[in-house]
There are 2 protein chains.
Amino acid sequence: MPKQLHVNLFEMNCVSHIIHGLWVHPDNNRHRFNDIEYWIELAKLLEAGTFDGVFIADVIGTYDQFRQGPETAIREGMQIPSNDPLLIIPAMASVTKNLGFGVTFSTSYEPPFAFARRMSTLDHLTKGRVAWNIVTSYLPNAARNFGLDDEIPHDQRYQLADEYLDVLYKLWEGSWDDDAVQVDRKNRIYADPAKVRYINHVSNNYKVAGPHLCEPSRQRTPLLFQATGSSAGIEFAGRHAEAIFTGGSSAEEVQRNINGIREKAKAHGRDPAGIKFFVGASVIVAPTNEEVEEKLKTFHELHSVDAALVHLQSSVDLTLYPRETKLKEIIPENDQSWGLRWADSEETVGGLLDKFRFRQDRFFVAGTPTHVADTIEKWLDEDGIDGINLIQYLSYGTAKDFIELVVPELRRRGRFREKYADGETLRERFFGQGHARLPDDHYAARYRNPENLHAASEPLPLAQSREVKV
Amino acid sequence: MPKQLHVNLFEMNCVSHIIHGLWVHPDNNRHRFNDIEYWIELAKLLEAGTFDGVFIADVIGTYDQFRQGPETAIREGMQIPSNDPLLIIPAMASVTKNLGFGVTFSTSYEPPFAFARRMSTLDHLTKGRVAWNIVTSYLPNAARNFGLDDEIPHDQRYQLADEYLDVLYKLWEGSWDDDAVQVDRKNRIYADPAKVRYINHVSNNYKVAGPHLCEPSRQRTPLLFQATGSSAGIEFAGRHAEAIFTGGSSAEEVQRNINGIREKAKAHGRDPAGIKFFVGASVIVAPTNEEVEEKLKTFHELHSVDAALVHLQSSVDLTLYPRETKLKEIIPENDQSWGLRWADSEETVGGLLDKFRFRQDRFFVAGTPTHVADTIEKWLDEDGIDGINLIQYLSYGTAKDFIELVVPELRRRGRFREKYADGETLRERFFGQGHARLPDDHYAARYRNPENLHAASEPLPLAQSREVKV
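Not measured: the values here are computed from a predicted model.

**Student:** Even after reading the chapter, I still don't get the overall build of chain A, so can you show me in this structure?
**Tutor:** Scanning chain A for helices and strands turns up 16 helices and 13 strands. Here chain A has a C-alpha radius of gyration of 22 Å; the compact-globule value for 470 residues is 23 Å, and the two agree. Dimensions of chain A, computed from the C-alpha atoms along their principal axes, are close to 75 × 50 × 40 Å. When each of the 470 residues of chain A is scored for burial, the buried share is 64%.

**Student:** How do you make sense of the pairing of strand β9 (residues 223-227) of chain B when you look at a structure like this?
**Tutor:** Looking down a regular strand, the side chains alternate between one sheet face and the other. All names here are of chain B. Of all five residues in β9, four are buried, a share of seventy percent or more. Sheet topology places strand β4 (residues 130-135) next to β9; four bridges connect them, and they run parallel. When the sheet's bridge partners are listed, W132 is paired in β9 with L224. Relative to strand β10 (residues 243-245), β9 runs parallel, the two being bridged by three bridges. Note on β10: the bridge partner recorded for Q226 is I244. What joins β9 to β10 is helix α7 (residues 231-240), and the crossover it makes is right-handed.

**Student:** Could you clarify how one ought to interpret the pattern of salt bridges in this entry?
**Tutor:** One side chain can pair with another of opposite charge once the charged atoms of both are near each other. Residues and elements named next belong to chain A. Counting across every chain of the model gives 77 salt bridges over all chains. The shortest N-O distance in the salt bridge between K195 and D179 comes to 3.0 Å. Of this pair, K195 sits in the loop between β6 (189-191) and β7 (201-202) while D179 sits in the loop between α6 (154-174) and β5 (181-184), and the two are 16 residues apart along the sequence. The salt bridge partner of E377 is R415, with a shortest N-O separation of 2.7 Å. On the criterion of sequence distance, the pair formed by E377 in helix α13 (residues 369-383) and R415 in the loop between α14 (397-412) and α15 (426-431) is long-range, its members being 38 residues apart. The network of salt bridges with shared partners includes D374, E377, D381, E409, R412, R413 and R415.

**Student:** Honestly, unusual backbone geometry in this entry has me stumped. Any pointers?
**Tutor:** With the exception of glycine, most residues fall at negative phi, and the peptide bonds are largely trans. All names here are of chain B. Residue P211 follows G210 across a cis peptide bond; omega there is 0°. The amide bond that connects S395 to the next residue, Y396, takes the cis arrangement and shows omega of 10°. By secondary structure assignment, the location of Y396 is in the loop between β13 (387-390) and α14 (397-412). The phi angle at V183 is positive, at roughly 45°, despite the residue not being glycine.

**Student:** Would you explain the pairing of strand β2 (residues 53-57) of chain A in this entry?
**Tutor:** Residue and element names in this part refer to chain A. Along β2, five of the five residues are buried, which leaves the element largely enclosed by surrounding structure. Alternating residues of β2 divide into G53, F55 and A57 and V54 and I56, and every residue in both groups is buried. For strand β1 (residues 6-12) and β2, the ladder comprises five bridges, and the chain directions are parallel. Within β2, the position partnered with M12 by the bridge is A57. Taken together, β1, helix α1 (residues 36-48) and β2 form a β-α-β motif whose crossover is right-handed.

**Student:** Help me out: how do you make sense of the UniProt feature "binding site: FMN" (unreviewed entry) in chain A in this one?
**Tutor:** When the UniProt feature table is mapped to this numbering, "binding site: FMN" (unreviewed entry) covers D58, T104, H154, Y158 and S230 of chain A. If you trace the backbone, D58 of chain A turns up in the loop between β2 and α2 (71-76). Residues within four places of D58 of chain A in sequence aside, it is in contact with M12, S82, N83, P85 and T104 of chain A together with R117 of chain B. One polar contact links D58 of chain A to R117 of chain B, side chain to side chain, over a distance of 2.7 Å. Within the secondary structure layout, T104 of chain A lies in strand β3 (residues 100-106). The exposure class assigned to T104 of chain A is buried, which follows from its relative accessible area of 3%. Here I56 of chain A takes part through its backbone oxygen, which lies 2.7 Å from a polar atom of the side chain of T104 of chain A.

**Student:** Looking at this structure, how should I read the side chain of Q226 of chain B?
**Tutor:** Residues and elements named next belong to chain B. With respect to the helices, strands and loops of the structure, Q226 is situated in strand β9. Within polar-contact distance, the side chain of Q226 engages the backbone oxygen of G233 at 3.0 Å. Apart from the residues lying within four places of it in its own chain, the contact partners of Q226 are N133, I134, Y158, G233, F236, A237, A241, A243, I244 and F245.

**Student:** Is there a simple way to explain helix α8 (residues 251-267) of chain A in this structure?
**Tutor:** The α-helix advances 3.6 residues per turn, and as a result positions three or four apart in sequence lie on the same side. Residues and elements named next belong to chain A. An ideal rise of 1.5 Å per residue puts 24 Å on 17 residues; α8 measures up with 24 Å between its terminal C-alpha atoms. Residues of α8 that are buried: A251, E253, V254, I258, I261 and A265. Contact partners of the buried residues in α8: α7 (231-240), β10 (243-245), β11 (276-285) and α13. One or two steps after α8, the chain reaches G269, where phi turns positive at roughly 80°.

**Student:** What is the right way to read the state of the cysteines from this model?
**Tutor:** Here, the word disulfide means a covalent bond between the sulfur atoms of two cysteines. Across all of its chains, the model carries zero disulfides over all chains by this definition. No disulfide involves C214 of chain A; its nearest neighbouring cysteine sulfur is the one of C14 of chain B, lying 11 Å away.

**Student:** Even after reading the chapter, I still don't get the environment of I18 of chain A, so can you show me in this structure?
**Tutor:** Residue and element names in this part refer to chain A. Structurally, I18 can be placed in the loop between β1 and α1. Assessed through its relative accessible area of 12%, I18 is described here as buried. On a C-alpha basis, the gap between I18 and F356 in space is 9.5 Å, while along the polypeptide they are 338 residues apart.

**Student:** How do you make sense of the interface of chain B and chain A when you look at a structure like this?
**Tutor:** Frequently, the measure chosen for interface size is the accessible area removed from exposure when the parts meet. Listed as interface residues are 83 residues of chain B and, on the opposing side, 83 residues of chain A. Taken together, the two surfaces of chain B and chain A that pack against each other cover about 6900 Å², and 58% of this comes from carbon and sulfur. It is L87, R188 and Y190 of chain B that lose the most area in chain B upon contact with chain A, and together they represent 11% of the buried surface on that side. Note that K207 of chain A and D149 of chain B form a salt bridge whose closest N and O atoms lie 2.4 Å from each other. Taken together, the connections running from chain B to chain A amount to 42 residue pairs in polar contact (both at pLDDT 80 or more).

**Student:** What is the right way to look at the relation of the copies chain B and chain A in this model?
**Tutor:** Superposition record for chain B on chain A: RMSD 0.0 Å, screw rotation 180°, translation along axis 0.0 Å. Classification of the inter-copy transformation places it as that of a two-fold axis. By C-alpha distance to the rotation axis, the residue of chain B lying nearest is A91 of chain B, at 2.3 Å. A symmetric contact is evident, with 100% of the interface residues of chain B recurring at the interface of chain A.

**Student:** Help me understand the packing of aromatic side chains, please; the structure alone is not making it clear to me.
**Tutor:** One pair of aromatic rings is described through two measures. These are the centre distance and the angle between the planes. A complete count under the given rule lists 52 aromatic pairs over all chains for this structure. Measuring from ring centre to ring centre gives 5.1 Å for Y38 of chain B and Y396 of chain B, while their planes differ by 25°; the resulting arrangement is stacked. One end of the pair, Y38 of chain B, is in helix α1 (residues 36-48); the other, Y396 of chain B, is in the loop between β13 and α14, and 358 residues separate them in sequence. The exposure classification of Y38 of chain B matches that of Y396 of chain B, with both residues buried. An aromatic cluster is built from F10, F55, F225, F245, F278, F430 and F431 of chain A, whose rings are joined through pairwise contacts.

Rules used in this analysis
Residues numbered from 1 in each chain as written. Chains lettered and ligands numbered in written order. Predicted model: local features only at pLDDT ≥ 70, side-chain atom pairs only at ≥ 80, totals over all residues. Heavy atoms only, no water. Helix = DSSP H or I, 4+ residues; strand = E, 2+ residues; numbered from the N terminus. Rg over C-alpha atoms; globule rule 2.2 N^0.38 Å. Buried < 20%, exposed > 50% of the residue type's maximum accessible area, 1.4 Å probe, protein only. Pairing = 2+ DSSP bridges. Right-handed = clockwise from strand over helix to strand, strands pointing away. Salt bridge = Lys/Arg side-chain N within 4 Å of Asp/Glu carboxyl O. UniProt positions renumbered as here; feature names shortened; annotations may be inferred. Contact = heavy atoms within 4.5 Å. Polar contact = N/O pair within 3.5 Å; in protein donor to acceptor, adjacent residues only side chain to side chain. Expected span 1.5 Å × (residues − 1). Disulfide = S-S within 2.5 Å. Buried area = accessible area lost by both parts, 1.4 Å probe. Least-squares fit on C-alpha atoms with pLDDT ≥ 70 in both. Phe/Tyr/Trp six-rings, centres within 6.5 Å; stacked < 30°, edge-to-face > 60°.

What follows is the structure, encoded as structure tokens:
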């Protein structure tokens with residue numbers, strides 16, 4: 001059987017998430033993000049299309065580095081305003097039975113006890129359909145919203161995150177036994193106190209007594225997503241992640257990235273097949289090439305260069321330079337702009353802007369359903385990915401096009417599910433029936449043994465890490 | 001026109017909230033609290049009954065003082081397990097148009113920036129139907145779940161809360177102007193940057209830059225609820241609260257409590273009518289007195305004394321003493337048990353337990369619809385309250401009985417709405433059309449003037465406060 005594609009819709013609880021300027025398109029619904037109806041309609045659409053899930057990005061600060069202020073971000077709706085991502089999940093869960101929900105949350109600023117409870121609550125309310133995208137936050141303004149003067153340095157954020165997950169695992173996996181809850185009316189025992197325990201976690205940055213306030217949910221630990229871009233991130237992923245966002249400019253580079261992480265997982269004693277790989281993908285599809293061209297033209301016209309530069313946290317206002325200017329002439333060496341650090345200094349201003357306009361990387365495809373399906377099959381078989389986060393140009397146009405045009409073609413080729421396996425958890429959708437919980441070879445599994453709850457933690461060796469280009 | 005009653009259903013995202021032991025009743029649905037369907041059914045029921053709202057209590061720790069451990073709480077399902085209260089609101093909002101949602105959140109342990117965003121998100125998703133019950137947390141275990149060794153002392157918690165609200169008001173009321181959001185497609189302006197600003201709050205305990213991540217919601221600041229039981233609490237309520245839980249053992253005592261707070265509001269420059277008063281009320285109703293007696297008998301039999309003592313954080317295991325024992329013989333002077341501090345030392349063990357079994361205080365009524373309505377009218381007219389939080393004996397039995405038997409009788413007397421005013425916010429339901437926002441005489445209103453955003457805060461004079469009996 002050929003490998004089937006996993007598909008999440010890439011979302012954010014805001015106006016302009018990743019393709020910028022297109023909120024002005026008359027068919028776009030992005031300005032409706034404050035309305036519960038937007039999310040309810042979206043969830044129904046995606047479940048009708050048997051998507052794996054909706055994947056919700058997040059930031060907890062404003063992009064205020066481009067042009068030395070937040071003005072451009074605010075004008076463009078570029079991730080501000082943006083609402084809390086967890087709170088739209090129960091609304092979407094109320095109208096679906098199978099759609100999964102990936103949600104981004106940062107380990108850097110909020111107490112683990114409260115977050116553990118929120119994710120357990122979501123796992124209960126969705127009956128095991130939630131994933132967590134582990135991030136550590138990179139916006140300086142986010143740090144300033146949470147009492148700090150500036151960002152926590154990159155590798156220190158990962159050390160904090162590693163400690164944070166230790167707390168969460170103890171609460172999720174170790175505080176309640178599987179058979180703790182008895183609902184025994186006759187003997188008036190809701191839960192057996194002998195099977196519920198304090199965690200009494202103490203580490204450098206966290207001190208958490210427990211017990212966990214929630215009884216075990218179907219997945220206990222939500223499915224763990226992560227994006228990697230640094231050696232610290234890869235080390236972290238090797239221990240923790242079950243699904244990873246990766247990328248690359250060629251099949252070989254993608255394979256190399258995937259293999260590197262699988263090796264790291266092996267070094268952590270895990271089955272390297274225990275990780276699925278995702279890429280952010282742009283799919284612009286229409287029945288004919290003429291219609292595809294028409295769409296591209298419209299998107300091109302409406303795209304906002306300003307918002308893209310805000311998103312890149314560009315230290316340089318590239319709009320002030322002629323298109324043929326080489327980046328190396330205007331971007332200082334060791335520039336710290338988040339999106340420019342990885343730009344090829346031989347590239348021109350125009351080249352870079354075009355690339356971001358269309359996100360024309362390896363995982364961009366525009367064409368007829370046949371062409372799109374051919375390309376996706378290559379991604380699956382040559383690059384070795386397992387799934388995509390579908391980047392939205394129009395909400396809900398992008399998802400509708402994919403469901404109406406690409407899904408049928410992928411199904412004909414045996415590349416996409418015909419229907420959901422009713423009642424499965426999100427982890428089972430990724431790893432098969434019977435795999436609702438983290439596997440036994442995962443680091444967190446140690447805490448299922450109460451004796452290990454109070455053992456000293458084993459911090460990841462992250463101190464020597466260096467940031468690398470993905 | 002006679003004063004109409006406001007009614008919230010008193011809820012908690014757990015098995016045993018306030019009437020204990022009754023989860024074993026075959027008609028009780030409390031064990032279903034993990035299921036989204038429980039909350040969806042409940043919300044539909046309450047909206048059909050034109051309730052003001054559902055009011056969700058919360059704790060963020062385990063009651064582990066009775067019998068020196070958490071065992072009894074766990075066995076009884078006494079507020080553990082308990083899930084996050086915010087996350088059930090979007091599920092209930094998805095199936096209602098008018099029901100309000102009061103939610104409890106503590107100012108003591110989580111960063112204000114994230115909470116401000118969560119409440120704004122809820123206010124957007126519900127279109128202005130949320131209230132916040134401001135609490136400061138009293139469980140020692142809660143403190144230990146959030147990195148502390150023990151509770152923050154009572155008055156210090158209120159000082160922290162006062163500072164916390166300063167941050168929230170700046171984010172909710174001051175960071176975005178009313179006309180900041182333009183959704184101007186032609187000029188490609190989502191929001192006008194000149195009308196959005198940093199708050200740059202700096203105080204003893206909080207440092208928050210902003211801008212608020214959410215655009216203004218219908219109410220901006222959610223309707224502010226609070227319970228009072230101390231002079232610090234009353235000082236705090238005088239400045240902040242718009243709806244207050246009060247109580248008393250006689251009409252005179254309730255009036256005195258209400259007037260005391262209205263005086264305090266006046267001292268803070270507010271219209272004393274700007275506060276509504278609520279009590280937790282038990283209503284056991286049936287068409288005939290025989291059926292009422294039958295219900296009382298069943299509830300009596302199923303009630304759990306153990307769980308009630310856990311809830312009281314009783315330092316003494318009263319179940320070990322004969323019913324006729326006087327409390328003063330066994331409870332040490334200056335006992336710090338939360339629920340025993342206010343017990344009359346001349347009372348007997350049996351008397352106290354019976355009182356808690358039925359919550360037989362002034363706001364307990366059992367009888368036919370006519371008797372119940374007569375009693376409620378007294379509460380409204382003699383005590384001067386505005387509404388009740390209806391305490392559940394059976395979920396959904398208590399709410400169903402009230403809707404089927406009491407609501408029609410109250411309506412006949414002009415004491416309860418016939419229908420909702422569609423599209424009103426929760427604050428408008430309490431204070432009339434056009435009052436979606438906090439009134440101009442409220443402390444928070446100062447932050448609508450950007451010049452006041454960076455002025456030094458004015459902490460409440462709480463240092464001299466002493467705890468008093470309600």
